[in-house]
Amino acid sequence: MVSFWKVVGITVGAILVVGAVVGSLTWGFLANRGPPPPELVPLDWWEHTVIYQIYPRSFKDSDGDGIGDLKGITTQLDHLVDIGIGAIWMSPIFVSPMVDFGYDISDFYNIHEEYGTMADFEELVHKAHNLGLKILLDYVPNHASDQSEYFKRSLAREPGYENFFVWADPKLNPNNISERLVPSNWISEFGGSVWEWSETRQQYYLHQFAKEQVDFNFRDPAVRAEMLNIMEYWFNKGADGYRVDAVAHLFEADPNDHGGVYPDEPLSGNMFLRPNETGYTTQEYTRHLIELYDVIYEWRNFSDSYKEQNKSDTKILLAEAYANITMTMLYYGDEAGRDGAHFPFNFELINSLSGKSSARDFVYVIKRWLTYMPAGRIANWVFGNHDQMRMPTRFRVNMVDGMNSLSMLLPGVAITYQGEEIGMRDGYVSWEDTVDVAACNQGNPDNYMQYSRDPARTPFHWDNTTSAGFSTNATTWLPIAQDYMEINLRKQQETERSHYKVYKSLVNLRKEPALSHGSYHLQALTESTFILIRHIITYDTYALLFNVGDVEDTVDLSTIALLRDPLTVHVSSIHSSRVNGDTVSRGGATLRAGEALVLRAPPT
Ligand SMILES: *[C@@H]1O[C@H](CO)[C@@H](O)[C@H](O)[C@H]1NC(C)=O
Ligand SMILES: *[C@@H]1O[C@H](CO)[C@@H](O)[C@H](O)[C@H]1NC(C)=O
Ligand SMILES: *[C@@H]1O[C@H](CO)[C@@H](O)[C@H](O)[C@H]1NC(C)=O
Ligand SMILES: *[C@@H]1O[C@H](CO)[C@@H](O)[C@H](O)[C@H]1NC(C)=O
Ligand SMILES: *[C@@H]1O[C@H](CO)[C@@H](O)[C@H](O)[C@H]1NC(C)=O
Ligand SMILES: *[C@@H]1O[C@H](CO)[C@@H](O)[C@H](O)[C@H]1NC(C)=O
Ligand SMILES: *[C@@H]1O[C@H](CO)[C@@H](O)[C@H](O)[C@H]1NC(C)=O
Ligand SMILES: [Ca+2]
Ligand SMILES: [Ca+2]
């Protein structure tokens, strides 16, 4: 019984059946008094939290240099408390030449100067913790900046550092021994060969991202040990966990398994890609190598051991891996019982859905995650991040409240990228203003938009003053999106109906037992409308009704046994004609395009 209520991920049908049987047995037994409330197993702090991703460069600038910083985040913690989130994940704040805006770290133990000082970090952690907010950092284990001490030492073949990175001799052309060839045909995620020649070492080094982001050699025990040092250092500084970057790229094929050479990858056959573009080859020797999971399990062991030894709260690890569903699920742990990440990010809503998706597509994609997820694990839902088009741009602007409702009503952890709470859309960034290395490397004035991640990284819209209240400086590191006069936090706080207000009520609703401990039931009612029901006996039932189509739609709720009259509107999307407290007829409800209603129904 205990684990039954805790495990929300098992098959819907089974939960409902067991729930109904348990319900009716207790009913008969206790006659008129009704069933007793189920025991609500206490959840660990992270298991039902809302994680809010901050892109520090674009959140709030405290000193007018046009770049967001730690003090800026500290001054805005009240906003995060106000909307009710539980944890902040900050994209990297460590010393960096900023080739990839912090994902190229040159000193893993210090704060990047533009973002502030160690004292600023400590103050941020202290204040956040006092406000009940957890702090997650970004762990970037795959690579270091070419400006790092590690790389300089490795270049100089300093003992202990010689094999810190993936170094390889040139391949020789048998017809021309004076010609130097790259060791293999592998292509970097940002375009071009993964191999870069070093005059100093007279060898190539490997980089799966920009050439300034040098891949560590995870087959070197010294690297593995150093990674744990870094993790412990920030745990000691109060970090409550890590989002772990680019884990799919930790290992590349070992020449020892391939006759002493780096094997070429077969061509993928994708004719839309240029020969120097990522995906032109299969990437079978550069991504998702099975060895990487041992490292993930090792890190989890370390974080669990830290928790035990220091009697700290759980330090969570969240893996960033764009992988197929089976390889993704392996990040949770293996069949041998080893635990991995607390969860791998669920990118299904990004990869497999868009504004053109039907209600069935939504139901299918959501259930796929919950079906493949191993029993006892915690689900999570990602709607956007700093690498993807913003949620309203990827879907439709009239779907913002529905998407936020979905995020908050699904079982497990909700993840919000900064700005989603006010429905921020992608900003326009001209080629001249483009700074993203992915776009600068692979793009030109005609096609850079398809690579650029800048539009999703423009600064947060606080209000309608200079630079949207992000900075006192009229010039900012990326331009402010043009729509900030219309879409900004202050305006949404003052307006009667706004995305901000919807978001806030949704987060608040997560305290309801149906959402934290209930079973889920998900069903497409028509081509464009689906229903998500969260249910637990003796407590109110909540349901999200969401028309993801672009025309009006009428649905019949009369056959859904879990919904009892009266159905009242608890939250409605801002363009809905309904307001809180309205009742909805089970016989037939008409929803506008993009309309979403969170309904409350009496307990069963
Ligand atoms: C304003 O921001 C721009 C771009 O970040 C920067 O070049 C300039 O120095 C800033 N001005 C001040 C007064 O800091
Ligand atoms: C051999 O390779 C070198 C270096 O790439 C080149 O300069 C030279 O022309 C090549 N020789 C022949 C015969 O192709
Ligand atoms: C890839 O090739 C194109 C020309 O085909 C070139 O413009 C571009 O700079 C190359 N990109 C990289 C990263 O080498
Ligand atoms: C956690 O434990 C380690 C090893 O026992 C110790 O070095 C460290 O100072 C502790 N950290 C905190 C914050 O208590
Ligand atoms: C970590 O791994 C070691 C060795 O396998 C094991 O003895 C220990 O119990 C593990 N610790 C935790 C907290 O999982
Ligand atoms: C996922 O990828 C792995 C290795 O890359 C492959 O073996 C497996 O068949 C794939 N599974 C699915 C469901 O595509
Ligand atoms: C700017 O915002 C303030 C406060 O929300 C509002 O009173 C004012 O009308 C807005 N100005 C414009 C030009 O929209
Ligand atoms: Ca600043
Ligand atoms: Ca790697």
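Note: the structure precedes this text.
Residues numbered from 1 in each chain as written. Chains lettered and ligands numbered in written order. Predicted model: local features only at pLDDT ≥ 70, side-chain atom pairs only at ≥ 80, totals over all residues. Heavy atoms only, no water.

### As for the overall build of the protein
Across its full length, the protein carries 17 helices and 25 strands. Since a compact globule built from 604 residues should have a radius of gyration of about 25 Å, the 25 Å found for the protein is in line with a globular shape. Each of the three principal axes of the protein carries a C-alpha extent, and together these read 90 × 55 × 50 Å. Every one of the 604 residues in the protein was classed for burial, and the buried ones make up 60%. Nonlocal contacts in the protein, meaning residues at least 24 apart in sequence, comprise 68% of its contacts between residues at least 6 apart. Of the accessible surface of the protein, which amounts to about 23,600 Å², a share of 51% is contributed by carbon and sulfur atoms. Between the averaged position of the 49 positive side-chain charges in the protein and that of its 78 negative side-chain charges there is a distance of 6 Å. (Helix = DSSP H or I, 4+ residues; strand = E, 2+ residues; numbered from the N terminus. Rg over C-alpha atoms; globule rule 2.2 N^0.38 Å. Buried < 20%, exposed > 50% of the residue type's maximum accessible area, 1.4 Å probe, protein only. Contact = heavy atoms within 4.5 Å. Areas by Shrake-Rupley, 256 points an atom, 1.4 Å probe, with all protein chains shown as cover. Lys, Arg positive; Asp, Glu negative; His and termini not counted. Charge placed at Lys NZ, Arg CZ, Asp CG, Glu CD.)

### Examining the site of ligand 7
Neighbouring residues of ligand 7: Asn464, Met485, Arg490 and Glu494. Between Asn464 and ligand 7, the recorded distance is 2.3 Å, taken from a side-chain N or O atom to an oxygen atom. Look at ligand 7: alone it shows 360 Å² of surface, and the protein chains cover 41% of it. A class-by-class count of the residues in the shell around ligand 7 yields one nonpolar, one polar and two charged. (Near = heavy atom within 4 Å. Polar contact = N/O pair within 3.5 Å; in protein donor to acceptor, adjacent residues only side chain to side chain. Nonpolar A, V, L, I, M, F, W, Y, C, P; charged D, E, K, R; others polar.)

### Structural notes on the coordination of the calcium ion (ligand 8)
Taken together, Asp61 (OD), Asp63 (OD), Asp65 (OD), Ile67 (O) and Asp69 (OD) make up the full set of protein donors to the calcium ion (ligand 8), lying 2.2 to 2.4 Å away. All donor residues of the calcium ion (ligand 8) come from one chain, and their arrangement in sequence is D-x1-D-x1-D-x1-I-x1-D. (Donors = N, O, S within 2.8 Å, 3.2 Å for Na, K, Ca; no water.)

### Some thoughts on the site of ligand 4
Lining the immediate environment of ligand 4, one finds Glu232, Asn236, Tyr306, Gln309 and Asn310. In the environment of ligand 4, a nitrogen atom lies 2.8 Å from a nitrogen or oxygen atom belonging to the side chain of Asn236. Between ligand 4 and Tyr306, the relevant distance is 3.3 Å, taken from a nitrogen atom to a side-chain nitrogen or oxygen of the residue. Alone, ligand 4 offers 370 Å² of accessible surface; in the complex the protein occludes 42% of this. Going through the elements one at a time, helix 7 (221–236) and helix 8 (291–310) are the ones with two or more residues in the shell around ligand 4. The greatest single-element share of the shell around ligand 4, amounting to three residues, is contributed by helix 8. Tallied by class, the residues present in the shell around ligand 4 amount to one nonpolar, three polar and one charged.

### Side note on the packing of aromatic side chains
Counted according to the given criterion, the structure contains 46 aromatic pairs. On the basis of an interplanar angle of 65° and a centroid distance of 5.0 Å, the ring pair of Trp195 and Tyr262 is categorised as edge-to-face. Note that Trp195 is positioned in strand 10 (residues 195–198) and Tyr262 in the loop between strand 13 (241–244) and helix 8, a separation of 67 residues in sequence. Of the two residues, Trp195 and Tyr262, both sit in the buried class. (Phe/Tyr/Trp six-rings, centres within 6.5 Å; stacked < 30°, edge-to-face > 60°.)

### What to know about the pattern of salt bridges
Counted under the stated rule, the structure contains 30 salt bridges. Arg453 serves as the salt-bridge partner of Asp100, at 3.0 Å between the closest nitrogen and oxygen. Placement of the pair is Asp100 in the loop between strand 3 (94–95) and strand 4 (107–111) and Arg453 in the loop between helix 14 (437–442) and helix 15 (489–494), with a sequence separation of 353 residues. Both residues of the pair, Asp100 and Arg453, count as buried. A salt bridge links Arg457 to Asp387; its shortest N-O distance comes to 3.1 Å. Here the residue Arg457 occupies a position in the loop between helix 14 and helix 15, and Asp387 occupies one in the loop between strand 16 (380–382) and helix 12 (391–394), the gap between them amounting to 70 residues. Using a relative accessible area of 1% as the deciding quantity, one classes Arg457 as buried. On the accessibility criterion, Asp387 (21% relative accessible area) is partly exposed. Several salt bridges share partner residues, and in doing so they unite Asp100, Asp387, Asp436, Arg453 and Arg457 into one network. (Salt bridge = Lys/Arg side-chain N within 4 Å of Asp/Glu carboxyl O.)

### Remarks on the nonpolar core
The biggest cluster of nonpolar side chains holds 147 residues, and the ones touching the most others in it are Met90 and Trp299. For this core, the element with the highest residue contribution is helix 8, accounting for eight residues. Once you skip the residues sitting within four places of it in the chain, Met90 turns out to touch Ile54, Pro56, Leu70, Ile73, Phe121, Leu124, Ile135, Leu136, Leu137 and Asp138. Ranked by size, the runner-up nonpolar core spans 17 residues in total, among them Ile533, Ile560, Leu562 and Ala601. (Core = buried A, V, L, I, M, F, W, Y, C linked by side-chain atoms within 4.5 Å.)

### Describing the sheet that holds strand 17 (residues 413–417)
Across the sheet, eight strands lie side by side as 15-14-13-5-2-1-17-16; this open sheet has parallel pairing. The sheet terminates laterally at strand 15 (343–344) and strand 16, the two strands that pair on one side only. Pairing of strand 5 (residues 134–139) with strand 13, which is carried by four bridges, proceeds in the parallel orientation. Its bridge partner lying in strand 13, Tyr139 is registered against Val244. (Pairing = 2+ DSSP bridges.)

These figures come from the coordinates and say nothing about function on their own.
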